[in-house]
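Results of the structural survey
If you want the building blocks of each chain, they are given just below.
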Amino acid sequence: MQFKTKHYFSFASHSSFGCGLRAWIKILYRNNFSIHPFFIPKALFISSAILLSTPLRWFEKIKFKKKILQTEIKNPVFIIGHPRSGTTFLHYLISKDPAFGFCATYQAMIPHIFFTASGFFNSVISKALPAKRPMDNLRMGTLLPKEEEFALAAFGPESMVTGYLFPKHFLKIFRESVTFKNGNSASEKNWKKNFDYFLRKLTLAESGKKLLLKSPANTARVKQILSLYPDAKFIHIYRNPFDVYQSYLHLFHKLLPMLSFQQITDEAIEELIFASYIEMYQTYFNDKVLIPQQNLVEIKYENFITDPLSHLEKIYSGIQLEGFEAAKPFIKKELETYNNYQRNEFTLSAALEENIIARWEFAFNAFGYETKFNRV
């Protein structure tokens, strides 16, 4: 993968500025401080900003911790699915339902201080963010929904986001913080503690509303989520593995220049995509039986995008969510903003097609997709 000179000094939009000092040190230590020399200036700049903002984090924690811990979480709804399966589009639409609270972008970026310093930092983040997401051209904005996984990376190493910071260690991080398959019970314990604390804080910020959450990593954390919230509801969206592979590869090429502290080869990226997909869905298929039938609905991306509104009505009905008719006008208005939206188009070589089929055949079978790429 090729990095340009500008990537070594692009500081403003990095997600680690909101990190706690202890969490930042733990992330660096867990990854052996293995920062490529060209990224050292970026790491030093971020470290200085984190150090300077420490008093703000202490102040907010002292002022609000008691209230946060006393806040009750109401049966949250989780949108899950592998990265690049349509989770963000689904999140954007359902978040327009006024009955839901959600993690806004500024809350994900500064999770420790959004109660006391959101005014100033919201303005800073707004200027730093691009108008559209670089991987798919969906709108970006500080008040738009964001996956809480970025917030968790500010609490410690237990987040898939740290895999984008240190992509050479992506699979190790994935097994420690997503599938929890490395045998380290401390990682799972820390993740639960941080996750529950942040969701309580979000619930407090949203005046007690039911939370709508979206993180692809949670596709492999069903068991852990149910241990915290037994009545949680899940919306699983899945997509053709051919399209998922190409779109996820595209995401890495767009995201790593913004976030990574390491250089990595294209071959290594391709392998971690193959391996993490297998481990994520093997875990999900094993654990989804734990979800009560009335709390899980699964939808096919290709069907959903043809008629989102009718499929949303089925989603609400499928997991017994109330208020669809009240939410419908808000969702319809949001849908109008996508009238001219153009999806990315990708090509796929015959050799890569065969490799995807060979590695992910179980998913083609499970989701009912043909093992042949539709070439134009």
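Rules of the game
- Residues numbered from 1 in each chain as written.
- Predicted model: local features only at pLDDT ≥ 70, side-chain atom pairs only at ≥ 80, totals over all residues.
- Heavy atoms only, no water.
- Helix = DSSP H or I, 4+ residues; strand = E, 2+ residues; numbered from the N terminus.
- Buried < 20%, exposed > 50% of the residue type's maximum accessible area, 1.4 Å probe, protein only.
- Contact = heavy atoms within 4.5 Å.
- Areas by Shrake-Rupley, 256 points an atom, 1.4 Å probe, with all protein chains shown as cover.
- Axes fitted to C-alpha atoms, helices over the stretch in contact; angles between N-to-C directions.
- Parallel < 35°, antiparallel > 145°, perpendicular 65-115°, else oblique.
- Polar contact = N/O pair within 3.5 Å; in protein donor to acceptor, adjacent residues only side chain to side chain.
- Pairing = 2+ DSSP bridges.
- Core = buried A, V, L, I, M, F, W, Y, C linked by side-chain atoms within 4.5 Å.
- Salt bridge = Lys/Arg side-chain N within 4 Å of Asp/Glu carboxyl O.

1. What about the overall build of the protein chain?
- The helix and strand tally for the protein chain stands at 18 helices and 5 strands.
- By the burial criterion, 56% of the 376 residues in the protein chain qualify as buried.
- Of all intrachain contacts in the protein chain linking residues separated by at least 6 positions in sequence, the fraction that spans at least 24 positions is 80%.
- For the protein chain, the accessible surface area stands at approximately 16,900 Å², while carbon and sulfur atoms represent 54% of it.

2. Quick look at the packing of helix α3 (residues 40-52) against helix α4 (residues 54-70)
- Packing of α3 against α4 leaves a shortest axis separation of 4 Å and a crossing angle of 40 degrees. Viewed along their axes, α3 and α4 adopt a mutual orientation that is oblique. Along its contact with α3, which presents Ile50, Leu51 and Leu52, the element α4 presents Thr54, Pro55 and Arg57.

3. As for the side chain of Ser276
- Looking at where Ser276 falls in the secondary structure, it is placed in helix α14 (residues 266-287).
- A relative accessible area of 2% places Ser276 in the buried class.
- Within the local environment of Ser276, its side chain forms a polar contact with the backbone oxygen of Leu272, the two atoms lying 2.7 Å apart.
- Filtering out sequence-adjacent residues up to four positions away, Ser276 remains in contact with Phe170, Leu171, Phe174 and Tyr248.

4. Section: the pairing of strand β4 (residues 233-238)
- The buried fraction of β4 is high, at 6 of 6 residues.
- Across 4 bridges, the pairing between strand β1 (residues 77-80) and β4 is parallel. Of the residues in β4, the one forming a bridge with Ile80 is His236.
- In the sheet, β4 pairs with strand β5 (residues 296-300) via 5 bridges, with the strands oriented parallel. The partner of His236 across the bridge, within β5, is Glu298.

5. Some points on the nonpolar core
- By size, the foremost hydrophobic cluster in this structure holds 89 residues, and its most contacted members are Phe78, Tyr164 and Phe234.
- Not counting the four nearest positions on each side in its chain, Phe234 is found in contact with Phe78, Ile80, Val222, Ile225, Leu226, Ile291, Asn295, Leu296, Val297 and Ile319.
- The next biggest cluster of nonpolar side chains, apart from the first, holds 27 residues, and it includes Leu144, Val297, Phe304 and Ile315.

6. Let's talk about the pattern of salt bridges
- In total, this model carries 12 salt bridges according to the counting rule given.
- When the shortest N-O distance is used, the salt bridge between Arg221 and Glu149 registers 2.7 Å. With Arg221 in the loop between β3 (210-214) and α12 (222-228) and Glu149 in helix α8 (residues 149-152), this pair connects stretches of sequence that are 72 residues apart.
- For Arg221, a relative accessible area of 0% corresponds to the buried category.
- Among the salt bridges present, the one from Arg200 reaches Asp196, with a minimum N-O distance of 2.7 Å. Of this pair, Arg200 and Asp196 both sit in helix α11 (residues 185-205), separated by 4 residues, roughly a single helical turn.

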